[in-house]
Amino acid sequence: MFDEIVRRMKPVPDKLKAYGFRAEGKVFRYNREVCDGEFRLTVTVDSAGGLDTELIEIQNGDAYVLYKTDAVGAYVGKVRESVREVVNDVVRNCFEPAVFKSPQTLRLIEFVRSRYGDDPEFLWDRFPDNAIWRRKDNGKWYGVILTVKGSKIGMDTDKTVEITDLRMDPSQAEDMLAKDNYRPGWHMNKKSWYTLALDDSVPDDELQKRVEESYGLAGKK
């Protein structure tokens, strides 16, 4: 429900705590009453920056979910707006700008920076959450980071995922794409690029090896 509000933002734990969130394992939770004390609202923020809410009717203890649906009407609209006001305030006070949020994406960015001295380049104003890596010597791309719906790359989810496209030797394409979690290149030449989801489905050491291979391929004439 709030994907657009937290998109390209990341939570700051110290700010969450100062706001009134309490740490519970890998998430932070915050409770307050809304709608003149009619509901108890719980806001949950996870380590990846995801934000969710739950409303409980104080009088009977029942969960109220209509505000998360397409239901229309003055009452549900009022409730939805009350929740949105709280969420906007939480994001304004406890989040900071961040294009990529997946922990594995952030680790990969740091690896590339350390290994090659390259930072992601954001080339497209229309697609501010997509970026590329290119070699300094010849300007050729060796990696792309994209943000897409999982279903668009064959995953069983419509949630937004971060992916990377990397180069491969066309002669090895069949073997490469036979590996678990390796997919044809998204928006790239499928004969020489493949896609990996940056969700830890491929271990960091393997992912780093693939980046090094891609960097080498981009250096060939």
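All of the points below concern the structure found in this document. (Residues numbered from 1 in each chain as written. Predicted model: local features only at pLDDT ≥ 70, side-chain atom pairs only at ≥ 80, totals over all residues. Heavy atoms only, no water.)

## Details of the sheet that holds strand 10 (residues 160-167)
For clarity, the threshold we go by: Two strands are counted as paired when DSSP detects at least two bridges linking them. Put simply, DSSP marks the helices as runs of H or I at least four residues long and the strands as runs of E at least two long, and each gets a number from the N terminus on. When checking whether two residues touch, look at their non-hydrogen atoms; a contact exists if any pair is within 4.5 Å. Note on method: axes are straight lines fitted to C-alpha atoms, helices fitted across the in-contact stretch only, with angles between N-to-C directions ranging 0 to 180 degrees.
With respect to topology, five strands assemble into an open sheet ordered 8-9-10-12-11, the strand pairing being antiparallel. Two strands bound the open sheet, and with one partner strand each, they are strand 8 (131-134) and strand 11 (183-184). Pairing geometry for strand 10 and strand 12 (residues 193-197), over five bridges, is antiparallel. Bridge pairing links R167 to W193 in strand 12. Packing against the sheet, helix 4 (residues 103-116) makes contact with strand 8, strand 9 (141-149), strand 10 and strand 12, and its axis sits at approximately 165 degrees to strand 9. Sheet strands in contact with helix 6 (residues 204-218) are strand 9, strand 10 and strand 12, and its direction is about 45 degrees off that of strand 10.

## Comments concerning the pattern of salt bridges
Rule in force here: Think of a salt bridge as a Lys or Arg side-chain nitrogen and an Asp or Glu carboxyl oxygen that are within 4 Å of each other. The buried label goes to any residue with under 20% of its type's maximum accessible area, the exposed label to any with over 50%, and the partly exposed label to all in between, with areas taken from a 1.4 Å probe on protein chains only.
Summed over the entire model, instances satisfying the criterion amount to 14 salt bridges. Across the salt bridge formed by R113 and E110, the nearest N and O atoms sit 2.7 Å from each other. Of the two residues, R113 and E110 both sit in helix 4, three residues apart, roughly one turn of that helix. Judged by relative accessible area, which is 42%, E110 ranks as partly exposed. Across the salt bridge formed by R134 and E121, the nearest N and O atoms sit 3.0 Å from each other. Of this pair, R134 sits in strand 8 while E121 sits in the loop between helix 4 and strand 8; the two residues are 13 residues apart in sequence, bridging distant segments of the chain.

## Looking at the packing of aromatic side chains
Convention followed: Only Phe, Tyr and Trp rings are paired, with Trp represented by its six-membered ring, and only when their centres lie within 6.5 Å; those with planes under 30 degrees apart are stacked, over 60 edge-to-face, the remainder tilted.
Within this structure, the stated rule accounts for 13 aromatic pairs. Residues Y64 and Y67 carry aromatic rings whose centres are separated by 6.4 Å and whose planes lie at 5 degrees to one another, so their mutual orientation is stacked. Residues Y64 and Y67 agree in their burial class; the two are buried. The interplanar angle of 25 degrees and the centroid separation of 5.5 Å between the aromatic rings of Y182 and Y194 together place this pair among those described as stacked. Here Y194 lies in strand 12 and Y182 lies in the loop between helix 5 (173-177) and strand 11, a separation of 12 residues in the sequence. A single burial state applies to Y182 and to Y194, both of which are buried. A connected cluster of aromatic rings, assembled from ring pairs, spans F39, Y64, Y67 and Y75.

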